[in-house]
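What the coordinates show
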Amino acid sequence: MVLALSRGFAAHASRPQGVIRFEQAFSGLKFIFGLWCEPARDDIAVNSRDNMMENYQLAVIGSGSGGAEAALLAAKNGFRVALIEKERLGGTRLHRGCYAVRALHASGRMFREFLGSGKFGIEADLLRNSLVDWMKSQRAASNRLADELKADLEKLGVKILSGTGSLAGQHIVRVTGEWGDNTDIEAEHIFISTGSRPDYRSTPGSRIINSDDLIQRIDPPSDLLVVGGGYVGCEFAAIYRQFGCQVTVAEQAERLLPSWDETVSKHVASQLTASGVELMLGAEIDVKNLPLEAGSPIVTRPDGSEMAPDLILVATGRSPNVESLGLEALGIAAKPFIEVDAQLRTAQRHIFAIGDVNGLNMLDSSATAQARVACEAITGGDSIFSSRWVPRYLDTDPPVAAVGWMEHEAEVADFNVEVQTESVKLVTSDNRTVVEPSLTQVKLIVEQQTRQLRGCVIIGQQASEVINVAALAIQSGLNARDISRLLLVHPSVSVAFQRCAAKFA
Ligand SMILES: Cc1cc2nc3c(=O)[nH]c(=O)nc-3n(C[C@H](O)[C@H](O)[C@H](O)COP(=O)(O)OP(=O)(O)OC[C@H]3O[C@@H](n4cnc5c(N)ncnc54)[C@H](O)[C@@H]3O)c2cc1C
């Protein structure tokens, strides 16, 4: 279908706003009732009386990390963009994931720092700590970030449509409002960026919950069992332990974070254990058959004692939000993640799936990288997405970051590599480290023949910054000698990275 974009734009400009086409008598009644009860909402787009559809060059369904980045990028490039969101702007990152977790961690760290402030010559007499206040601080931060995102989108002229988006035709996106009213828009390109949700769905009032539920709770558990030792489970375990809860992590594999380098698993396990978290590795817990009543024992420990947590967080994986998108009618496969090619195109070349919904690499950094690839594709570019070089980060204490090949992956792929490690207590750009130097551990993986850097793991303060230096080195094809000769700021954590590279010489 060829779209008459200029005609659509003229129609868009002259269209009277606020006129509703009722799809069904029932939804119309609901809408009229809604007008009595609800203040007018200018962010809901509506079809015009003459039934002419608004027309966009790009429609993006979902305003999380991938969708928001794509809408901003395309609008910056002069595209006329509609962004459809059924909840609050910002998606998982702002409200239930990365930034929400960071905000809680910030409260935990601040609390711990006050407890240890005597070393810096500061005495705090009375420290009050409440989960309600931690949550208030988190929500204030999430709301501020969502407001900033809205302002950025509006500044660039992105049309924000409130409602649930679905595909109603090759180039038609239907937006269903909360009162059941339907609005169709036409778009030359469509990005599906509807993200994912926890695999485990809790029943209201149950003591067995998922991470979305946990972040809504303001009453701290006294005894929390986390089922799943991936990064979500480990991060929440660290936060709730910092808060003072009794925490146990049960993981079915023999190590935490099975997809990360083994050094990281060992480090996170020892940090969590040192903070008082109990670990049960190789422990398979049948979540479907757990007793729902508080106080019922869940599992018998090797020493015969029984564990009866008052709250159980199930953090065992995520599923894509693909239901009701209308994929089947357009022949777009989802098994269960939407299938895409290297440019993130679905079976319909003008419809892309970016972010968690395609399951390629369920990270914030991947969702934004994919948004860039898809935006380039619709302007005729040929860049492709590879999850191999996406850096990743784990907000533990201290944090962990990694990029590229891990040692065990290189072994499995029969890739000839050399590995060096460095573990050093450093004074860094953080002035506090003069008083209390922090430990930084680095592992570098280089290709045997070329000595080019292929992978890096960093454990220590500012790991997320140093991993960016490593990612830059990998993407620029630097070898170990090049890295060891870079001019770097002293003191800084990157020095540990450089010292490790020098070991290959
Ligand atoms: C606890 C936790 C911690 C995390 N920490 C990190 C981290 O430290 N680093 C990192 O890189 N990643 C982290 N992640 C992962 C990261 O948050 C996700 O990979 C990222 O948010 C995915 O972005 P997305 O755009 O694909 O989806 P989302 O951010 O989930 O956005 C999807 C949006 O689409 C909307 N939507 C869904 N269906 C429809 C529809 N039909 N119509 C309209 N709107 C719809 C949703 O309401 C949502 O707003 C974490 C995740 C969790 C759960």
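Reading the values: rules and limits
Residues numbered from 1 in each chain as written. Predicted model: local features only at pLDDT ≥ 70, side-chain atom pairs only at ≥ 80, totals over all residues. Helix = DSSP H or I, 4+ residues; strand = E, 2+ residues; numbered from the N terminus. Contact = placed C-beta atoms within 7 Å. Core = buried A, V, L, I, M, F, W, Y, C linked by C-beta atoms within 7 Å. Buried ≥ 20, exposed ≤ 12 C-beta atoms within 10 Å, placed from the backbone. Near = placed C-beta within 6 Å. Nonpolar A, V, L, I, M, F, W, Y, C, P; charged D, E, K, R; others polar. Domains from an automatic or database assignment. Axes fitted to C-alpha atoms, helices over the stretch in contact; angles between N-to-C directions. Left-handed = near helix turned anticlockwise from the far one by under 90°. Expected span 1.5 Å × (residues − 1). Pairing = 2+ DSSP bridges. pLDDT = per-residue confidence, 0-100.

**What about the overall build of the protein chain?**
Per the secondary structure count, the protein chain includes 15 helices and 21 strands. Once local pairs closer than 6 in sequence are excluded, the contacts in the protein chain between residues at least 24 apart make up 67%.

**Things to note about the nonpolar core**
Among the nonpolar cores identified, the biggest contains 76 residues, and Val226, Ala237, Leu313, Ile458, Ile467 and Ala470 are the most heavily contacted of them. Look past the residues within four positions of alanine 470 in its chain and what remains in contact with it is Val403, Leu453, Cys456 and Phe497. Listed in part, the 56 residues of the second largest apolar core include Tyr56, Leu167, Ile192 and Ile332.

**Overview of the environment of proline 198**
Among the structural elements, proline 198 can be located in strand 7 (residues 196–198). For the pair proline 198 and serine 319, spaced 121 residues apart in the sequence, the C-alpha separation amounts to 6.2 Å. What proline 198 contacts, discounting residues up to four positions off in sequence, is Asn210, Ser211, Asp212 and Arg318.

**Structural notes on the site of the ligand**
Of all residues adjacent to the ligand, which total 38 residues, the nearest are Gly62, Gly64, Gly91, Gly195 and Gly355. Where the shell around the ligand is concerned, the elements lending two or more residues are helix 3 (65–76), strand 2 (81–85), helix 4 (91–95), helix 5 (98–115), strand 4 (164–169) and helix 10 (364–378). In terms of residue class, the shell around the ligand is made up of eleven nonpolar, 19 polar and eight charged. Among the domains, domain 1 (7–90 + 154–197 + 320–387) and domain 2 (93–138) are the pair contributing at least three residues each to the shell around the ligand.

**Considerations on the packing of helix 3 against helix 10**
Their axes nearest at 8 Å, the elements helix 3 and helix 10 cross at an angle of 35 degrees. For helix 3 against helix 10, the interelement crossing comes out right-handed. Every residue of helix 10 that contacts helix 3 at Ser65, Gly66, Glu69, Ala70, Leu73 and Ala74 is listed here: Asp364, Ala367, Thr368, Gln370, Ala371, Arg372, Ala374 and Cys375. A breakdown of the residues in the contact of helix 3 with helix 10 according to their chemical character gives seven nonpolar, four polar and three charged.

**Overview of helix 9 (residues 262–275)**
The first and last C-alpha atoms of helix 9 sit 20 Å apart over 14 residues, in line with the 20 Å expected at 1.5 Å per residue. Taken together, the buried positions of helix 9 are Val264, Ser265, His267, Val268, Ala269 and Leu272. Close packing links the buried residues of helix 9 with helix 8 (231–243), strand 10 (246–251), strand 11 (278–281), strand 18 (400–404) and strand 21 (453–459). Following helix 9 by one or two positions, glycine 276 adopts a phi angle in the positive range, close to 105 degrees.

**Details of the sheet that holds strand 8 (residues 208–209)**
With respect to topology, five strands assemble into an open sheet ordered 8-14-9-10-11, the strand pairing being parallel. For this open sheet the edge positions go to strand 8 and strand 11, each flanked by a neighbour on one side alone. In this sheet, strand 11 lies alongside strand 10 in parallel orientation, the contact comprising four bridges. Bridged to alanine 250 within strand 11 is methionine 280. Here helix 8 sits on the sheet and contacts strand 9 (223–227), strand 10 and strand 14 (311–314); the angle it forms with strand 10, its principal contact strand, is near 165 degrees.

**Focus on the confidence of the model for the protein chain**
Overall, the predicted model of the protein chain reaches an average pLDDT of 86, with 89% of residues at or above 70. Below pLDDT 50 for its whole length, residues 1–50 participates in 54 contacts with residues either more than four positions away or in separate chains.

**Here we look at the environment of glycine 180**
Here glycine 180 is to be found in the loop between strand 5 (172–176) and strand 6 (182–192). Separated by 16 residues in sequence, glycine 180 and threonine 164 place their C-alpha atoms 9.6 Å apart.

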